Amino acid sequence: MPDKIVLMTTIRFLHDLATAAWIGGMIAMAVAVLPAAKGLFGMGPQAQRLQLAVQKRLRVPVYIAIVVLIVTGLLMSRRSPRYAGLLSWANPYSAALAWKHVLVAAMIVIALVRSLAFGRMPPQAAGAGEAAGAGAMGGGAGQPAQPGQPAQPGQPAALGARQKASMALLFLNVLLGIAVLLLSALSAALRAGPPA
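Quick summary incoming for the structure in this document. (Residues numbered from 1 in each chain as written. Predicted model: local features only at pLDDT ≥ 70, side-chain atom pairs only at ≥ 80, totals over all residues. Heavy atoms only, no water.)

**Let's talk about the overall build of the protein**
Within the protein one finds 5 helices and 0 strands. Listed by position from the N terminus, the elements making up the protein come as α-α-α-α-α. When the 196 residues of the protein are sorted by exposure, 39% land in the buried category. The contacts in the protein between residues at least 6 apart in sequence include a share of 77% that link residues at least 24 apart. (Helix = DSSP H or I, 4+ residues; strand = E, 2+ residues; numbered from the N terminus. Buried < 20%, exposed > 50% of the residue type's maximum accessible area, 1.4 Å probe, protein only. Contact = heavy atoms within 4.5 Å.)

**Considering the side chain of T72**
Residue position: T72 is located in helix 2 (residues 45-77). Assessed through its relative accessible area of 5%, T72 is described here as buried. Separated by 2.7 Å, the side chains of T72 and H15 make a polar contact. Not counting chain neighbours up to four residues away, the residues in contact with T72 comprise I11, L14 and H15. (Polar contact = N/O pair within 3.5 Å; in protein donor to acceptor, adjacent residues only side chain to side chain.)

**Notes on the side chain of N91**
With respect to the helices and strands, the residue N91 is situated in the loop between helix 2 and helix 3 (92-118). By relative accessible area, N91 is classed as buried at 15%. Among the polar contacts listed, one links the side chain of N91 to the backbone nitrogen of Y93, at a separation of 3.1 Å. Within the structure, N91 has its side chain in polar contact with the backbone nitrogen of S94 (distance 2.7 Å).

**A closer look at helix 2**
With 33 residues, helix 2 should cover 48 Å at 1.5 Å per step; its first-to-last C-alpha distance of 45 Å lies within 8% of that length. By the largest-angle criterion, R59 marks the main kink of helix 2, which is about 40°, and a proline, P61, follows within four residues. (Expected span 1.5 Å × (residues − 1). Bend = angle between axes of the 7 residues up to and from the residue.)

**Side note on the packing of helix 1 (residues 3-41) against helix 2**
The angle between the axes and the distance between the axes are what describe a pair of packed helices. With their axes 8 Å apart at the nearest point, helix 1 and helix 2 run at an angle of 160° to one another. Relative to helix 2, the element helix 1 is oriented roughly antiparallel. At the point where helix 1 passes helix 2, the crossing takes the left-handed sense. (Axes fitted to C-alpha atoms, helices over the stretch in contact; angles between N-to-C directions. Parallel < 35°, antiparallel > 145°, perpendicular 65-115°, else oblique. Left-handed = near helix turned anticlockwise from the far one by under 90°.)

**With respect to a nonpolar patch on the surface**
On the surface, a cluster of nonpolar side chains totalling about 530 Å² of accessible area is made up of L86, L87, W89, W99 and V102. With respect to the helices and strands, L86 occurs in the loop between helix 2 and helix 3. (Patch = residues over 30% accessible without salt bridge, like charges linked within 9 Å, V, L, I, M, F, W, Y side chains within 5 Å. Areas by Shrake-Rupley, 256 points an atom, 1.4 Å probe, with all protein chains shown as cover. Salt bridge = Lys/Arg side-chain N within 4 Å of Asp/Glu carboxyl O.)

**Looking at the packing of helix 2 against helix 3**
Contact geometry for helix 2 and helix 3: axes closest at 11 Å, N-to-C directions at 155°. As far as their axial angle goes, helix 3 and helix 2 are roughly antiparallel. Between helix 2 and helix 3 lies a crossing of left-handed hand. Residue-level inspection shows Q51, L52, Q55, R59, Y63, I66, I70 and S77 of helix 2 in contact with helix 3, the latter providing Y93, L97, I108, L112, R114, S115 and F118. Class assignment of the residues belonging to the contact of helix 2 with helix 3 gives a composition of 9 nonpolar, 4 polar and 2 charged. (Nonpolar A, V, L, I, M, F, W, Y, C, P; charged D, E, K, R; others polar.)

**Regarding the environment of L181**
Its location among the elements puts L181 in helix 5 (residues 157-192). Taking the C-alpha atoms as reference points, L181 and T19, separated by 162 residues in sequence, lie 8.7 Å from one another. When near neighbours in sequence (up to four residues on either side) are disregarded, L181 contacts T19 and I23.

**Looking at helix 3**
The terminal C-alpha atoms of helix 3, which comprises 27 residues, lie 38 Å apart, in line with the 39 Å expected from a rise of 1.5 Å per residue. Residue N91 occupies the N-cap position of helix 3, its side-chain oxygen lying 3.1 Å from the main-chain nitrogen of Y93.

**Some words on the pattern of salt bridges**
What the rule picks out here adds up to 1 salt bridge. Between R12 and D16 there is a salt bridge whose closest N-O contact spans 3.2 Å. You can see R12 and its partner D16 sitting in helix 1, 4 residues apart, about one turn around the helix. Judged by relative accessible area, which is 34%, R12 ranks as partly exposed.

So, in structure tokens, the structure goes:
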């Protein structure tokens, strides 16, 4: 097999793997992890801790995936004779890539906002969770939220607002990720079609 084919296969494989890791991880969080946590713990601190623990484990793989996507995407796009530049709208292929790059940039910004602004549990929420756990052990009034119930009155209202904002950003990124996949399919079809 020629070296060029091995190189391009490796680049394409890494690009697809990084896409699956990032967008697949977001879809799994949105459709499985967060609904399961909400069903088990309500909107209380336990659900917040689970969300943050999963988010923390995914953070480094996602950052690596973003870097891999940028590098491999640039290498793959330059290979096509229809490629007219990073944000060029000169032909349908370049326009599809330009829209894809704009959406990926928006996804990166949203991922960074989620990670930096919502990536840590506020101290009062952590304390509320510990108090709820201590109350449950002693049979006191600080019982943890039952499955499907909202956070207890003693828990800060900001906890639910932070969780909702973080979830809204996650769902927005999932939608953008699906649009990116659609644009990837479109650009692949345009690359394979007759010259523009």
